[in-house]
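Summary of the model geometry
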Amino acid sequence: MKTIHIIAALLISGLASAQNTFSYRTERAEIILLSEVQGENNTKNLIGATPEILAETAPGNKYPSALNAFLVKTKKSEILLDTGLGRELFNNLKSSGVAPEDIDAVLITHLHGDHFGGLLKDGKRAFPNAKLYMSKKEFASANESAAKAIKEYGEDLVLFEPGISKPKKVYDVLSSMSSYGHTPGHTVYIIDDLVIWGDLTHAMAVQMPYPQVAISYDTDPAAAVQSRFMMLSYIVRNNLKAAGMHVPYPGIGSLKADGKGGYIFTPVK
Ligand SMILES: [Zn+2]
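To start, this report covers the structure provided alongside it. (Residues numbered from 1 in each chain as written. Predicted model: local features only at pLDDT ≥ 70, side-chain atom pairs only at ≥ 80, totals over all residues.)

1. Here we look at the overall build of the chain
On a plain count of helices and strands, the chain comes out with 8 helices and 18 strands. Relative to the globule expectation of 18 Å for 269 residues, the C-alpha radius of gyration of the chain, 17 Å, shows essentially globular dimensions. Dimensions of the chain, computed from C-alpha atoms along their principal axes, come out at roughly 50 × 40 × 35 Å. For the chain, the proportion of its 269 residues judged to be buried stands at 46%. A separation threshold of at least 6 residues defines the contact pool for the chain, and within that pool the share at least 24 residues apart is 68%. (Helix = DSSP H or I, 4+ residues; strand = E, 2+ residues; numbered from the N terminus. Rg over C-alpha atoms; globule rule 2.2 N^0.38 Å. Buried ≥ 20, exposed ≤ 12 C-beta atoms within 10 Å, placed from the backbone. Contact = placed C-beta atoms within 7 Å.)

Following this line, the structure appears as structure tokens:
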């Protein structure tokens, strides 16, 4: 039910935008933002945001939000990281010159509807030639609709244990790291110097300066906060960049500590 709320909130306030895609290069891959929604969300679902924090970071009790998936093109393969709800995914792929049959692997950060919805098209498997990757723990937490979508991929399902505190290779040039809390098996993916962090944040404007703020969609808000601090610190320590599924356009940026316990995110150009 929690997922349905965020989807509704995003769609109601979503703006029609020509800025659906954006291309970014890492050493071994081209990363393409596939954005389904650019809009704003209400702060009512945030946990632990004081009136002072909200006044400073979310004027009018609103913050910019988005719903993104990412396409990763390497020398060898075309990889999808999450699928959004699946409403704009296929148009976005088409405008990126990629057909569903071209996708070699789909890697899922977690099993909320706004991340796995595009696994199916018209109730059938959308990516006939793709392996489907997710963490063992996340698979174990799948609800009925997630389990139904996963089942369509039959023997092409690959379950793995993400790296703990350090990246572990999962597919082609992609590594994984566990960041449990938002969901029981939430996983981030790393390509060269870019961390694609799934739902490590929902409200960038609030949670970058105040990473201790959680959201009601977190399965375990305290663990989600801990994972956020851990991952933000890891990214800054290793001079990495970050991309996220609810990070407003272009969805990718650099990070630095703000000296007050929070972080500053600067979008790439
Ligand atoms: Zn989400």
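Here the narrative resumes.
2. A short note on the sheet that holds strand β13 (residues 187–191)
Taking strand neighbours across the sheet as the criterion, the 7 strands line up as β11-β12-β13-β14-β16-β17-β18 in an open arrangement whose pairing is mixed. Looking at the sheet topology across the chains shown, the edges are occupied by β11 (168–171) and β18 (263–267). Averaged over all adjacent pairs, the angle separating strand axes in this sheet is 35°, with direction ignored. Relative to strand β17 (residues 252–257), strand β16 (residues 241–243) runs antiparallel, the two sharing 3 bridges. Its bridge partner lying in β17, Ala-243 is registered against Ile-252. (Pairing = 2+ DSSP bridges. Axes fitted to C-alpha atoms, helices over the stretch in contact; angles between N-to-C directions.)

3. Description of unusual backbone geometry
Of note, the bond from Tyr-249 into Pro-250 is cis; its omega dihedral lies within 30 degrees of zero at 5°. Here Pro-250 shows up in the loop between β16 and β17. Although it is not a glycine, Ser-165 adopts a positive phi angle of roughly 65°. Structurally, the position occupied by Ser-165 is in the loop between β10 (157–160) and β11.

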